[in-house]
Protein chains: 2
Amino acid sequence: MVRIDAFESALARSFRRLVPSDAPPRLRAAVRHAVFPGGARVRPRLVLAVAQACGATPEDAMPAAIAIELLHCASLVHDDLPCFDDAQLRRGRPTVHARFGEPIAVLCGDGLIVAAFDELAHGFAGRDMLGRAVSLLAAAAGAGAGLVAGQAWEEEPQPVLDRYHRAKTGVLFEAAAALGALAAGAEPRPWRPLGSAFGEGFQIADDILDRTASEFELGKPVGQDVSHARPSAVDELGLERARARLDAIRSRALVLLPPCPGRDELHSWLAQLMSGLFARALVRTPDRMDASLSA
Amino acid sequence: MVRIDAFESALARSFRRLVPSDAPPRLRAAVRHAVFPGGARVRPRLVLAVAQACGATPEDAMPAAIAIELLHCASLVHDDLPCFDDAQLRRGRPTVHARFGEPIAVLCGDGLIVAAFDELAHGFAGRDMLGRAVSLLAAAAGAGAGLVAGQAWEEEPQPVLDRYHRAKTGVLFEAAAALGALAAGAEPRPWRPLGSAFGEGFQIADDILDRTASEFELGKPVGQDVSHARPSAVDELGLERARARLDAIRSRALVLLPPCPGRDELHSWLAQLMSGLFARALVRTPDRMDASLSA
């Protein structure tokens, strides 16, 4: 349903426009490193799939897909910084600060946030929904209840857990689904619950894998929730109930699909995507922490 | 010409909308600390003055003035971080990272960048020029040739000096003048040279004061250009020629005023503003570095 190669080409074109060859060389290399090659590109795929189901062409929705991915990459670069996760590995390669140093990593994240808004303004120039798209992206990113708020809840002695979870992961998936609809000229609001459920599933799967998978499998450090004392679905529910909830979310997300011209196709695509993404987390493997404790 | 109390009230209202009371408390306190009380608010005053000279009301241009100031505050918070200037003092008070720690300071800057775009989208909702305003702000902020690029040039072994200077200070003044015109429905391009000259003057004055004033006078650390080996007009030209250039820029900026309904009033206002801002730098005082060397 979503041709990811078209997305990659469009993203590469945007990179060349947003950080042209006369930009500061190390910063430019760092932004490239943060964006290419990507991970699963799940959020932009969701944007494009929802847009297509609502009757848009991939081109109509491409700026929104790119903006969401740039924002996601920005959050990874800053979350990996020494003052947060101090992670050395991301997508199987050195993190931006490990490769380019901390100053360039801070600037790389800043530049990617700005680039996300630049992309929307450029790609949606002259279209009525530009203002709503910028507001929607800003809410998903911002200090009120967006990604920035999500990360800031980790700095609170007593985080409000549902706000933390929603802001930390759910909100960008919500925005992805909503922006896909908006790019197709559809009302974005009915698409939020789908994005939210998908995001919750993604977070739970991540919490499970942080405890059961290896660094080699994930291409990033594991055991981070425990070492950073972060709220985790595994701590909250235990491994088995976390898996059960993930399985339930997978079914619920599909029920939440709003009516749209391409609903059936989107349904199959989403079911397949979630099966693939959540498969590793749903397979019964022991909690690595327990295993190491009992070893 | 510009009623700064109206700006402060509007900024306070925007703060409450952008970082509402249910946001993470420490992050909210940090954003407030970064924005209130402000410095001279020179950039938003320029936005409002240009807009008014072009026939707009202060209300028409307020979102642009606020967005520019939020972006400026973001850049101060990140520039002060330990990995850059490691400054402990700003506007006579502890910097954000000194007061709230580094993680919150990184997030505070991120949140302020996002807030700037949020403010434009909210304040200019439904207005034709929204797209251009977002693009203009993004260019002034971004990794290509904006503030982020300016800071990144400091991380290069051989910075391209004119790009560095323009991106580091000039670009936000250019954007301020251009956004003021845009908010009034005027063509922004003719206003860039005025903003650029004003920004260059501001940078030279800053370079001079970094070498001649005391930390107490400035409310921030001095001698930063030398200790961080940053390009400085004082090193490039010497103190006397830097002052002469600053004086020349002050005259040139006024010649660069494009035709507009309120040109005469803007001319007087700008002349007075620049006299006030540059006065301390233009007074002949010895270079503190030389004085301490010869002591």
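Structural data are supplied above this passage.
Residues numbered from 1 in each chain as written. Chains lettered and ligands numbered in written order. Predicted model: local features only at pLDDT ≥ 70, side-chain atom pairs only at ≥ 80, totals over all residues. Heavy atoms only, no water.

Chemist: In this structure, what is going on with the overall build of chain A? I would like to understand it.
Modeler: Scanning chain A from N- to C-terminus turns up 16 helices and two strands. Rg of the C-alpha trace for chain A: 19 Å, near the compact-globule value of 19 Å for 295 residues, within the 12% margin. If you line up chain A on its principal axes, its C-alpha atoms span 60 × 45 × 35 Å. Relative to its 295 residues, chain A shows a buried fraction of 57%. In chain A, the share of contacts with a sequence separation of at least 24, taken over all contacts with a separation of at least 6, comes to 70%. Accessible surface for chain A amounts to roughly 11300 Å². Of this, 53% is attributable to carbon and sulfur atoms. Side-chain charges of chain A comprise 33 positive and 36 negative groups, with the mean position of each set lying 4 Å from the other. (Helix = DSSP H or I, 4+ residues; strand = E, 2+ residues; numbered from the N terminus. Rg over C-alpha atoms; globule rule 2.2 N^0.38 Å. Buried < 20%, exposed > 50% of the residue type's maximum accessible area, 1.4 Å probe, protein only. Contact = heavy atoms within 4.5 Å. Areas by Shrake-Rupley, 256 points an atom, 1.4 Å probe, with all protein chains shown as cover. Lys, Arg positive; Asp, Glu negative; His and termini not counted. Charge placed at Lys NZ, Arg CZ, Asp CG, Glu CD.)

Chemist: Even after reading the chapter, I still don't get the relation of the copies chain A and chain B, so can you show me in this structure?
Modeler: What relates the two chain copies is a rotation about an axis together with a slide along it. Rotating chain A by 180° about the axis while translating it 0.0 Å along that axis superimposes it on chain B, leaving an RMSD of 0.0 Å. When the rotation and shift are considered jointly, the pair of chain copies conforms to a two-fold rotation axis. If distances are taken from each C-alpha of chain A to the rotation axis, the shortest is found for A:D110, at 3.3 Å. Interface residue correspondence from chain A to chain B reaches 100%, placing this contact among same-surface, isologous pairings. (Least-squares fit on C-alpha atoms with pLDDT ≥ 70 in both.)

Chemist: Help me understand the side chain of B:R230, please; the structure alone is not making it clear to me.
Modeler: Examined against the element boundaries, B:R230 turns out to sit in the loop between helix 12 (224–227) and helix 13 (233–237). Setting aside residues no more than four positions away along its own chain, B:R230 makes contact with B:D85, B:E154, B:Y164, B:Q224, B:D225 and B:D235.

Chemist: How do you make sense of the environment of B:F7 when you look at a structure like this?
Modeler: Residue and element names in this part refer to chain B. Secondary-structure assignment places F7 in helix 1 (residues 4–18). Sequence-wise, F7 and R43 are 36 residues apart; in three dimensions their C-alpha atoms are separated by 12 Å. Those residues in contact with F7 that sit more than four places away from it in its chain are R41, P44, L48, M62, A65, I66 and E69.

Chemist: I keep staring at the interface of chain A and chain B and nothing clicks. Help me out?
Modeler: Interface extent is often summarised as the accessible area lost during association of the parts. Facing the 44 residues of chain A at the interface are 44 residues of chain B. Buried surface at the junction of chain A and chain B, both sides included, amounts to about 3700 Å², of which 74% is carbon and sulfur. For the pair chain A and chain B, the interface holds zero salt bridges. On the surface where chain A and chain B come into contact, there are eight residue pairs in polar contact (both at pLDDT 80 or more). Of all the secondary-structure elements, those providing two or more residues to the side of chain A that touches chain B are helix 2 (25–35), helix 6 (102–123), helix 7 (130–141) and helix 8 (147–153) of chain A. Ranked by residues supplied to the side of chain A that touches chain B, first place goes to helix 6 of chain A with 13 residues. Taken together, the residues that form the side of chain A that touches chain B break down as 28 nonpolar, eight polar and eight charged. (Buried area = accessible area lost by both parts, 1.4 Å probe. Salt bridge = Lys/Arg side-chain N within 4 Å of Asp/Glu carboxyl O. Polar contact = N/O pair within 3.5 Å; in protein donor to acceptor, adjacent residues only side chain to side chain. Nonpolar A, V, L, I, M, F, W, Y, C, P; charged D, E, K, R; others polar.)

Chemist: Mind showing me how you'd approach the nonpolar core here?
Modeler: Side chains that are nonpolar tend, in soluble globular proteins, to be buried together. Counting residues in hydrophobic clusters, the biggest one holds 215 residues, and the most contacted among them are A:L112, A:W191, B:L112, B:W191 and B:L270. The contacts of A:W191, once residues within four sequence positions are left out, are A:V50, A:C54, A:A177, A:A178, A:A181, A:L257, A:P258, A:C260 and A:L266. (Core = buried A, V, L, I, M, F, W, Y, C linked by side-chain atoms within 4.5 Å.)

Chemist: In this structure, what is going on with the packing of aromatic side chains? I would like to understand it.
Modeler: Geometry of an aromatic ring pair is reported as the spacing of the ring centres plus the angle between the planes. Evaluated as defined, the whole model comprises nine aromatic pairs over all chains. Between the aromatic rings of A:F117 and B:F117, the centroid separation amounts to 4.6 Å while the plane-to-plane angle is 5°, which identifies the pairing as stacked. Within this pair, whereas A:F117 is found in helix 6, its partner B:F117 is found in helix 6 (residues 102–123), the two belonging to separate chains. An identical accessibility class is assigned to A:F117 and B:F117; each is buried. For the pair B:F198 and B:F278, a centre-to-centre distance of 6.4 Å together with 40° between the ring planes defines the contact as tilted. Note that B:F198 is positioned in helix 10 (residues 192–212) and B:F278 in helix 15 (residues 263–282), a separation of 80 residues in sequence. (Phe/Tyr/Trp six-rings, centres within 6.5 Å; stacked < 30°, edge-to-face > 60°.)

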